[in-house]
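# Descriptive structure summary
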Amino acid sequence: MTVIAIDGTFASGKGTLAKRLADHYSLAYLDTGKLYRAVGYAVMQADEDPGNARHAAKAAKALTGKELDNPILKSGEVAVTASKVAVHPEVRQALFNFQRDFAKRGAVLDGRDIGTVICPDADVKFYVDAKSEIRAKRRHLELTGYGEDISFETVLAQLIERDERDKNRKEAPLKAADDAHLIETSEMGVDEVFETAKRIIDAVLKPRD
Ligand code: DC
């Protein structure tokens, strides 16, 4: 079963890459950020504090997977809350089995700790990143496209705040696995990113055919 692990910063292009790779190699795809977003959103709806590990873990344990298609999960506010609930080890533990089970049948997973914690034995690992300003520009376009009224400066500030929290938390911080292939997408188009990743994957998988 082929497992491809894609980690990286927010709006680096990792989701677009993951979806295309899943399509191309006929693998299932899991955007693991959505799990944390769904937990964040549940906490927001219950009017609880995302800093409270017990409440956040309860929401994580109650997750069925059906919540993941809700478009509200894409909002900037939910994203910030997601990064707050993601610091709790209890939340990460509750979401661990869901992700592991998903990967068992072969899959592409994208997130922050896929290559390091969730699928350390993945066949191919990538770490995708781009400059903050470029990621903020991409995200700002996306959010205004959904009709969200938010300034570029706010998007950039939220992005920097989330990067800091994701990289500096004690539990499963965002970092490249030692054996991950790094892709810096600041100057690359989506096709170029895909072709770069495909070449690397084919070189790993072809000899096994
Ligand atoms: O990929 P995303 O922007 O949808 O993720 C939202 C938040 O969830 C992110 O700020 C950190 C957290 N997250 C995580 O801690 N581990 C993952 N595997 C995926 C996301």
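The coordinates are above.
Below is a short write-up of the structure. (Residues numbered from 1 in each chain as written. Predicted model: local features only at pLDDT ≥ 70, side-chain atom pairs only at ≥ 80, totals over all residues. Heavy atoms only, no water.)

## Considerations on the pattern of salt bridges
Inspection of every chain in the model, using the stated rule, returns 12 salt bridges. Two residues, Asp113 and Arg92, come together in a salt bridge whose shortest N-O distance is 2.9 Å. Placement of Asp113 in the loop between β3 (107-111) and α6 (114-118) and of Arg92 in helix α5 (residues 89-104) is noted, with a sequence separation of 21 residues between them. One salt bridge in this structure joins Arg169 and Asp166, with 3.7 Å as the shortest N-O distance. When sorted by exposure, Arg169 lands in the same class as Asp166, which is buried. One network of salt bridges, with partners in common, ties together Arg112, Asp166 and Arg169. (Salt bridge = Lys/Arg side-chain N within 4 Å of Asp/Glu carboxyl O. Helix = DSSP H or I, 4+ residues; strand = E, 2+ residues; numbered from the N terminus. Buried < 20%, exposed > 50% of the residue type's maximum accessible area, 1.4 Å probe, protein only.)

## Some points on the environment of Lys125
The topology assignment puts Lys125 in strand β4 (residues 124-129). Lys125 sits in the buried class, given a relative accessible area of 5%. For the pair Lys125 and Ile114, spaced 11 residues apart in sequence, the C-alpha to C-alpha distance is 8.5 Å. Once residues within four sequence positions are removed from consideration, Lys125 is found in contact with Ala5, Gly115, Cys119, Pro120, Ala177, Asp179, Ala180 and His181. (Contact = heavy atoms within 4.5 Å.)

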